[in-house]
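A structural walkthrough
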Amino acid sequence: MQILIAGASGFLGQRLIPHLREAGHQVTPLVRRPPRPGEVRWDPTAGVLDGTVVAAADAVINLAGAGVGDKRWTAQYKKTIVDSRVDTTRTLARAIAAAPKRPKVLLNSSAVGFYGDTGDRVVDESSPAGEGFLADVCKVWEAATRPAEDAGTRVALLRTGFPLDPAGGLLKPLYLQFKLFAGGRMGDGRQYLPWISVPDWLAAVVFVLERELSGPVNLTGPEPVTNAEFSETLARVMHRPNLLPVPGFALKVAVGEFGGEALASQRVLPAVLMREGFPFAHRTVEEALQQAVSSAG
C-alpha cells in the first residue's frame, strides 16, 4: 500500500515506518519542518494538507499527539494535549473526505484512557467511555475522525495501552529506577496496567491495516496485570530488588494531576484482536518484559 503517516517522529512512529517498509508498503511521512526527500510538509494547526497527497494514498495512519506525561499538566499543556490530537485528526479526516480518490482506510491513534478508571472491572471495545481528563481527550480525539468515516473510508481507532520499551513510554523511567536498585510499585499496586510488547504493537497495526477491521481496537496484551505484579516481574527480569514503592500522594505531589490519572486502574482486554485470531508473540507480561529488557542490551 501507499501509506501516509502523521506522527512519524514519535517513539512509536520511528519504529512503525521501517516495520511497514519491511512488510512491503511504501510510506510517506507528514512533517511540519522543511521536508526531506520522500516527506510531505503539512500544517495541521492551520488545517493545511495538500489534497493530491491524500488522494495518492491507499491508507493513512495518524499517531500524532503531544506526550501526556512529558510535562506537568498546566491549563496550557492540557490544551496542547487536546489540540495536538484533534487538529491533526480533523485535518486528515477532512482531507480524506474531500479527496477525489479517497484512501481506503484511516488508522487513528487513541488510548485505553478512553475507559477511565475501571478498577477490577474487565473492559473491552464494547465498553462505554469513562470519566476524567484522558477519557475526555480520547472522546473528542476519536470523534474528529468522523468526516472520513462519513465519506466512506474505513476508520479503525487504535486504543493503545502501554508499549513496553526502555527507550520510551511508561517503561523508560521504571527501567532506570530498577537499574539503579530504586524500583518498586506505584501507589498501592492494585491498579491494573494494560501493557503490550512493542513487536506485538507493530504487528497489530499491520494486522488491522490489512484486514477489514473498523471501529475501536484495543492494542494491549491479552493478560493485564496489576502494578504490583508488573513491578515484581520487572524486578525478576532485571535481577533487581522490588523494595521502594512510590506512594500515591508522593506521585501526585511530584507530577500533579497526571499523577492521579497514572494511578488509574484499567483492566483492558484486546477482544477484537483475540476474536480475529491475532498471533501475540508475547502473551504474558514476563515475556514482554524479557523482550524489552533484552532489546536494551
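The structure this text deals with has already been given above.
Let me sum up the structure you'll find in this document. Fair warning: this is a prediction, and the values are worked out from it, not measured in the lab. (Residues numbered from 1 in each chain as written. Predicted model: local features only at pLDDT ≥ 70, side-chain atom pairs only at ≥ 80, totals over all residues. Heavy atoms only, no water.)

1. What to know about the environment of aspartate 43
Using the following cut-off: Secondary structure elements are taken from DSSP: a helix is a run of H or I of four residues or more, a strand is a run of E of two residues or more, and numbering for both begins at the N terminus. Only protein chains enter the accessibility calculation, which uses a 1.4 Å probe; a residue is then buried when its area is under 20% of its type maximum, exposed when over 50%, and partly exposed in between.
Tracing the chain through its elements places aspartate 43 in the loop between strand E3 (40-41) and helix H2 (51-55). Residue classification places aspartate 43 among the partly exposed residues on the basis of a relative accessible area of 35%. In sequence terms aspartate 43 and alanine 66 are 23 residues apart; their C-alpha atoms lie 15 Å from each other.

2. What to know about the pattern of salt bridges
If charged atoms from side chains of opposite charge come close, those side chains can pair. Our working definition: One side-chain nitrogen of Lys or Arg within 4 Å of one carboxyl oxygen of Asp or Glu is enough to make a salt bridge.
Taken as a whole, this structure holds twelve salt bridges when the rule is applied. Of the charged contacts in the structure, one is a salt bridge between arginine 36 and glutamate 39, with a shortest N-O distance of 3.9 Å. Given a relative accessible area of 19%, glutamate 39 falls into the buried group. Salt bridges sharing partners connect three or more residues here, namely Arg33, Arg36 and Glu39.

3. Re the side chain of threonine 91
Which entries qualify depends on this criterion: Here a residue-residue contact requires only that any non-hydrogen atoms of the pair lie within 4.5 Å.
With respect to the helices, strands and loops of the structure, threonine 91 is situated in helix H3 (residues 75-98). Accessibility expressed as a relative area gives 8% for threonine 91, which makes it buried. Excluding its chain neighbours within four sequence positions, the residues that come into contact with threonine 91 are Trp42, Pro44, Gly47, Val48 and Leu49.

4. Brief notes about the pairing of strand E5 (residues 105-111)
Counted only if it meets this: For two strands to be treated as a pair, DSSP must find no fewer than two bridges joining them. Orient the strands so they point away from the viewer; a crossover is then right-handed if the path from the first strand over the helix to the second runs clockwise.
Of all seven residues making up E5, six are buried, and the element is well covered by its neighbours. Bridge count between strand E4 (residues 59-62) and E5: four bridges; the pairing is parallel. Within E5, the residue paired with asparagine 62 across the bridge is asparagine 108. Note on the crossover from E4 through H3 to E5: the handedness is right-handed. Where E5 lies against strand E7 (residues 154-160), seven bridges are found, and the strand directions are parallel. Within E7, the residue paired with alanine 111 across the bridge is threonine 160.

5. Some words on the nonpolar core
How we decide: Residue types Ala, Val, Leu, Ile, Met, Phe, Trp, Tyr and Cys, when buried and joined through side-chain atoms within 4.5 Å, form a set referred to as a nonpolar core.
Membership of the largest hydrophobic core comes to 32 residues, with the highest contact counts inside it found for Leu16, Ile61, Leu107, Trp201, Leu219 and Leu273. Looking at this core, the elements that each hand over two or more residues are strand E1 (2-6), helix H1 (13-22), E4, E5, E7, helix H7 (198-210), strand E11 (215-219) and helix H11 (271-275). No other element matches the nine residues that H7 contributes to this core. Apart from residues lying up to four places away in sequence, tryptophan 201 is in contact with Leu12, Leu16, Leu63, Thr160, Ile196 and Leu219. By size, the runner-up hydrophobic cluster in this structure holds 21 residues, among which are Val40, Trp42, Val53 and Ala95.

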